[in-house]
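Observations on chain architecture
Below, each chain spelled out in residue letters.
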Amino acid sequence: MGISEIKKILTSADIEELRSLIPEYEKDERAGVKKLVESAKKRIADFEKEVERTYKMKEYERKYEKCRYICGIDEVGRGPLAGPVVAAAVILPKDVDIYYLNDSKQLSEKKREELYDEIMDKAVAVGIGFADEKRIDEINILQADYEAMREALSKLSVKPDILLNDAVDIPGVEITQVPIIKGDAKSVSIAAASIVAKVTRDRYMVEMDKEYPGYGFASNKGYGSAAHIAAIKEMGPCKLHRRSFIGNFV
């Protein structure tokens, strides 16, 4: 068999298939095949590290495993000059692993999009809440965060038994809460919520770039990049800008 054909077989194989294929091809003495086999072995080793990392990230899920529905909740959008804060509440199935979950800021846009689709496909329930720029100006960003989180919880199709939160304790919620510092890097449930919230908000800001061109919302997502601040100074604010955040520029 040619090396190019072997490469196609190994690169398209999943992890379990690789385990069975490697013994077959590692007997091949050709340098090109040996390199492909080593690459396949590295893929397996990297995946095993990910399995171990994911297991560690389920520490809190194991701690509260007697609860039927464990919900992770997180928000994105505290810092931007424009657009809403978005919160997501996610209940993952206990018997299914989703690998590569992490703090959404640690993932590439492509990986976030892939994981978003997997989360939405496999989750027991997902709820999303928004607090727009007007609401942020009315009640301040922290209270808007809480409001978006409460809305996300209200959108769940089942009621959680416990909430794993990224650092905060949400007022006005009767469900038991477990605030976890840097929780989106320590809990798969919170990480999943972080990813859903981030992708949802990013997609919204890309759409808003079409309605309010010139501010670069598709690329900066409303954050205060130098080009964004320059656009505010030149064109003035648009409907999406948080007036309480842009006083230094207008």
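Here goes a summary of the coordinates provided. Owing to the predicted nature of the structure, the values given are computational and were not obtained by experimental measurement.

From N to C terminus, the chain includes 10 helices and 5 strands. Taken over 250 residues, the chain has a buried fraction of 48%. Accessible area for the chain stands at about 13,000 Å²; split by element, carbon and sulfur atoms hold 52% of it. Taking the 41 positively charged and 44 negatively charged side chains of the chain as two groups, their mean positions are separated by 2 Å.

The subject of this paragraph is unusual backbone geometry. If you check the backbone angles, Ala167 has positive phi at about 80° while not being a glycine. Structurally, Ala167 is set in the loop between strand S4 (162-166) and strand S5 (176-180). The backbone of Lys182 shows a phi angle near 55°, a positive value even though the residue is not glycine. Take Lys182: it is sitting in the loop between S5 and helix H8 (188-211).

To continue, consider the side chain of Lys58. Following the sequence through the fold, Lys58 ends up in the loop between helix H3 (31-56) and helix H4 (59-63). With a relative accessible area of 17%, Lys58 lands in the buried category.

Another point: the pairing of S4. Extensive coverage of S4 is indicated by the burial of 5 of its 5 residues. With burial as the criterion, each face of S4 is covered, one bearing Ile162, Leu164 and Asp166 and the other bearing Leu163 and Asn165. Of the strand pairs in this sheet, S4 and S5 are connected by 5 bridges, and their pairing is parallel. Along S5, the bridge assignment pairs Leu164 with Val178.

The description of two packed helices rests on the angle between their axes and on the distance between the axes. Relative to each other, helix H1 (residues 3-12) and helix H2 (residues 15-25) sit at 150°, their axes nearing to 9 Å. Here H1 is positioned roughly antiparallel relative to H2, judged by the angle of their axes. Only Glu17, Leu18, Leu21 and Tyr25 of H2 make contact with H1, whose side of the interface consists of Ile6, Ile9, Leu10 and Ser12. Tallied by class, the residues present in the contact of H1 with H2 amount to 6 nonpolar, 1 polar and 1 charged.

In contact at an axis separation of 10 Å, H2 and H3 are set at 145° when each is read in the N-to-C sense. Between H2 and H3 lies a crossing of left-handed hand. For the pair H2 and H3, contact is made by Ile15, Leu18, Arg19, Ile22 and Tyr25 and by Val33, Val37, Ala40, Lys41, Arg43, Ile44, Phe47 and Glu48, respectively.

Quick look at the sheet that holds S5 now. A sheet is described by the order of its strands in space; here 5 strands give the open sequence S3-S2-S1-S4-S5, paired in mixed fashion. For this open sheet the edge positions go to strand S3 (125-131) and S5, each flanked by a neighbour on one side alone. Within this sheet the neighbouring strands show an average axis-to-axis angle of 20°, counted without direction. Note that strand S1 (residues 70-76) and S4 share 4 bridges and pair parallel. If you follow Ile70 over to S4, its bridge partner there is Ile162.

Before going further, it helps to spend a moment on the packing of aromatic side chains. Taken as a whole, this structure holds 3 aromatic pairs when the rule is applied. With 5.1 Å between their ring centres and 70° between their planes, Phe47 and Tyr99 make a pair best called edge-to-face. You can see Phe47 sitting in helix H3 and its partner Tyr99 sitting in the loop between strand S2 (85-91) and helix H5 (109-122), a full 52 residues away along the chain. Relative accessible area serves as the criterion here: at 22%, Tyr99 is assigned to the partly exposed category. Summarising the aromatic geometry, the rings of Tyr215 and Phe217 are spaced 5.4 Å apart at their centres and angled 15° between planes, so their arrangement reads as stacked. Summarising the burial analysis for this pair, Tyr215 and Phe217 share the class buried. Positioned over the ring face of Tyr116 is Arg203, at 4.4 Å from the centre of the ring. The ring of Phe245 has Arg242 sitting right over it, with the charged end atom 5.0 Å from the ring centre.

With that out of the way, let us pick up the side chain of Asp28. Within the secondary structure, Asp28 sits in the loop between H2 and H3. Looking at Asp28, its side chain comes within polar contact range of the side chain of Arg30, at 2.7 Å.

A few words now on the environment of Ala231. With respect to the secondary-structure elements, Ala231 resides in helix H10 (residues 226-235). Of the residues examined, Ala231 reaches a relative accessible area of 7% and is grouped as buried. Excluding residues within four positions of it along the chain, Ala231 makes contact with Gly214, Tyr215 and Gly236.

Analysis parameters
Residues numbered from 1 in each chain as written. Predicted model: local features only at pLDDT ≥ 70, side-chain atom pairs only at ≥ 80, totals over all residues. Heavy atoms only, no water. Helix = DSSP H or I, 4+ residues; strand = E, 2+ residues; numbered from the N terminus. Buried < 20%, exposed > 50% of the residue type's maximum accessible area, 1.4 Å probe, protein only. Areas by Shrake-Rupley, 256 points an atom, 1.4 Å probe, with all protein chains shown as cover. Lys, Arg positive; Asp, Glu negative; His and termini not counted. Charge placed at Lys NZ, Arg CZ, Asp CG, Glu CD. Pairing = 2+ DSSP bridges. Axes fitted to C-alpha atoms, helices over the stretch in contact; angles between N-to-C directions. Parallel < 35°, antiparallel > 145°, perpendicular 65-115°, else oblique. Contact = heavy atoms within 4.5 Å. Nonpolar A, V, L, I, M, F, W, Y, C, P; charged D, E, K, R; others polar. Left-handed = near helix turned anticlockwise from the far one by under 90°. Phe/Tyr/Trp six-rings, centres within 6.5 Å; stacked < 30°, edge-to-face > 60°. Lys NZ or Arg CZ within 6 Å of the ring centre and 35° of its normal. Polar contact = N/O pair within 3.5 Å; in protein donor to acceptor, adjacent residues only side chain to side chain.

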